[in-house]
Amino acid sequence: MSEILLTTTVGSFGKPDYLQKARNANARGKLSDAELLDLEKQATEEWIRRQEQIDLDILVDGEMYRGDMVAYFAEKLEGFKIGGLVRSYGNRYYHKPVIASKVSRPKPMTVDWFNYTQSLTDRPVKGMLTGPYTMLDWSYNEAYKTRRDAALALAEVVRQEAEDLERAGAKYIQIDEPAIHARPEELDIAIEAMGVVTQNLKAKTISHICYGDFAAIYPKVLKLPVDQLDLAMHNYEYRWLELFDKDPFTKELAIGVVDVHSHRLETVDEAAEGIRKGLKYVSADRLLPHPDCGLKTRTVEESLDKCRIVVEAAKKVRAEVGRTAVA
């Protein structure tokens, strides 16, 4: 694994056609849960092999077993019920969960998947969780008096899962908070809740934030108690970096250098230039190039192509940094 400009992805990959068909068949009762699980494992191993072949440094399981990033956890936690369909983006819909009673975690939700995926590779695999504030914001709260109460209750169950992942061997634990800028006035709640999640962790902690008004929460978001912020930059033409001129960025930065919501494939030079922009603010050992967001909206081939560009761009800039250091 490289020591600088470590490459990674945000978490999800495009599902192969056979798995999409299997998930649909399972939902209609035409395929058993055990048969679906076997196919999810097959797709997960395929993605591990692809990531190794592309030469990504820090891997993910690809989320072959998940649909929506909130509903997946809501279905496994006590206290939730699943509500009606709402649009998330484009023509994609999900069943918005309802916090109907006190939330609790009957058993680990992702640890078996982490164990399986990590067993397939010598490279580190990230533990992947949805953060408590996003769980709250993308659900209806009918059980707790205040949104803060609900966020802190959710933080407790996410903390339990994160600590179980660490005990299972996870060296990187990502707790995604894409909703954190939805209500800037609630940023303190998100920060407090994340503090509950990460308070005992020794693993590298990461939080992915994407597609919103990042300027509305910067620089206060630097108080979010994680080691690394994972930001969509390419889609915003890197303008959020300008915020760092006034208020220096103080964490590790995972920087998006290809746009996952575009079919267009960036060039290596274009992605490399994005990495160079990041290096103006963060040292090479604290900058991690990757796609802007999860790749589940892209096909398998598009996902592969986007990741290859990231890796080749990182190798190109690594060589430049090495020459500069020698000189």
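These notes cover the structure that comes with them. (Residues numbered from 1 in each chain as written. Predicted model: local features only at pLDDT ≥ 70, side-chain atom pairs only at ≥ 80, totals over all residues. Heavy atoms only, no water.)

Focus: the overall build of the protein
Then, number 1: Helix and strand counts for the protein come out as 10 helices and nine strands.
Then, number 2: Whereas a compact globule of 327 residues would reach a radius of gyration of roughly 20 Å, the protein reaches 19 Å, a difference of no more than 12%.
Then, number 3: With the C-alpha coordinates aligned to their principal axes, the bounding extent of the protein is approximately 60 × 45 × 40 Å.
Then, number 4: Counting only residues that meet the buried cut, the protein has 56% of its 327 residues in that class.
Then, number 5: Here the analysis covers contacts within the protein between residues at least 6 apart in sequence; of these, 76% occur between residues at least 24 apart.
Then, number 6: In the structure as shown, the protein presents an accessible area of about 14200 Å², 48% of it carried by carbon and sulfur atoms. (Helix = DSSP H or I, 4+ residues; strand = E, 2+ residues; numbered from the N terminus. Rg over C-alpha atoms; globule rule 2.2 N^0.38 Å. Buried < 20%, exposed > 50% of the residue type's maximum accessible area, 1.4 Å probe, protein only. Contact = heavy atoms within 4.5 Å. Areas by Shrake-Rupley, 256 points an atom, 1.4 Å probe, with all protein chains shown as cover.)

Considering the side chain of glutamate 161
Then, number 1: Here glutamate 161 lies in helix α6 (residues 147-167).
Then, number 2: Look at glutamate 161 and you get buried, because its relative accessible area is 0%.
Then, number 3: Here methionine 109 takes part through its backbone nitrogen, which lies 2.9 Å from a polar atom of the side chain of glutamate 161.
Then, number 4: A distance of 2.6 Å separates the side chain of glutamate 161 from the backbone nitrogen of threonine 110, its partner in a polar contact.
Then, number 5: For glutamate 161, the residues in contact, after removing those within four places along its chain, are Arg105, Lys107, Pro108, Met109, Thr110, Val111 and Leu129. (Polar contact = N/O pair within 3.5 Å; in protein donor to acceptor, adjacent residues only side chain to side chain.)

Focus: the sheet that holds strand β9 (residues 287-291)
Then, number 1: In space, the six strands of this open sheet follow the order β3-β5-β6-β7-β8-β9, with parallel pairing throughout. Each of the sheet's edge strands pairs with one partner strand only, and the pair in question is β3 (127-130) and β9. Neighbour-to-neighbour, the strand axes of this sheet turn through a mean angle of 25 degrees, independent of strand direction. (Pairing = 2+ DSSP bridges. Axes fitted to C-alpha atoms, helices over the stretch in contact; angles between N-to-C directions.)

Here's the deal with the packing of aromatic side chains
Then, number 1: This structure, assessed with the given rule, holds 11 aromatic pairs.
Then, number 2: Geometrically, the ring pair formed by phenylalanine 214 and tyrosine 218 is tilted, given 5.6 Å between the ring centres and 35 degrees between the ring planes.
Then, number 3: Look at phenylalanine 214 and you get buried, because its relative accessible area is 2%.
Then, number 4: Aromatic pair phenylalanine 244 and phenylalanine 249: ring centres 4.7 Å apart, planes at 35 degrees, arrangement tilted.
Then, number 5: Given the relative accessible area of 3%, phenylalanine 244 is considered buried.
Then, number 6: Just above the ring of tryptophan 47 sits the side chain of arginine 50; from NZ or CZ to the centre is 4.6 Å.
Then, number 7: Lying over the aromatic face of tryptophan 240, arginine 239 brings its terminal NZ or CZ to 5.0 Å of the ring centre. (Phe/Tyr/Trp six-rings, centres within 6.5 Å; stacked < 30°, edge-to-face > 60°. Lys NZ or Arg CZ within 6 Å of the ring centre and 35° of its normal.)

Details of the nonpolar core
Then, number 1: Residues Ile173, Phe214, Leu229, Leu231, Phe244, Phe249 and Leu253 are the most contacted members of the largest nonpolar core, which totals 103 residues.
Then, number 2: The contact partners of leucine 253, leaving out residues within four places of it in the chain, are Gln228, Leu229, Leu231, Leu241, Phe244, Val282, Arg286, Leu287 and Leu288.
Then, number 3: Residues Leu6, Tyr172, Ile206 and Leu288 belong to the second largest nonpolar core, which totals six residues. (Core = buried A, V, L, I, M, F, W, Y, C linked by side-chain atoms within 4.5 Å.)

What about the packing of helix α1 (residues 17-27) against helix α2 (residues 33-54)?
Then, number 1: As a packed pair, α1 and α2 sit with axes 10 Å apart at the nearest point and diverge in direction by 160 degrees. If you check the angle between α1 and α2, you find them roughly antiparallel. The way α1 lies across α2 gives a crossing that is left-handed. Where α1 approaches α2, its residues Tyr18, Leu19, Ala22, Arg23 and Asn26 are matched on the opposing element by Asp33, Leu36, Leu39, Glu40, Gln42, Ala43 and Glu46.
Then, number 2: Within the contact of α1 with α2, the residues separate by chemical class into six nonpolar, two polar and four charged. (Parallel < 35°, antiparallel > 145°, perpendicular 65-115°, else oblique. Left-handed = near helix turned anticlockwise from the far one by under 90°. Nonpolar A, V, L, I, M, F, W, Y, C, P; charged D, E, K, R; others polar.)

Focus: helix α9 (residues 268-279)
Then, number 1: The terminal C-alpha atoms of α9, which comprises 12 residues, lie 17 Å apart, in line with the 16 Å expected from a rise of 1.5 Å per residue.
Then, number 2: Turning to α9, its buried residues are Ala271, Ala272, Gly274, Ile275 and Gly278. Down the axis, α9 shows its buried residues gathered within 155 degrees of arc, on one side only. (Expected span 1.5 Å × (residues − 1). Arc of directions from axis to C-beta.)

A look at the pairing of strand β5 (residues 172-176)
Then, number 1: Burial runs high along β5: five of the five residues are buried.
Then, number 2: Across the two faces of β5 the burial is the same, with Tyr172, Gln174 and Asp176 and Ile173 and Ile175 all buried.
Then, number 3: Strand direction decides the pairing type here: β3 and β5, joined by four bridges, are parallel. Its bridge partner being in β5, methionine 128 is matched across the sheet by glutamine 174.
Then, number 4: Pairing geometry for β5 and strand β6 (residues 204-209), over three bridges, is parallel.

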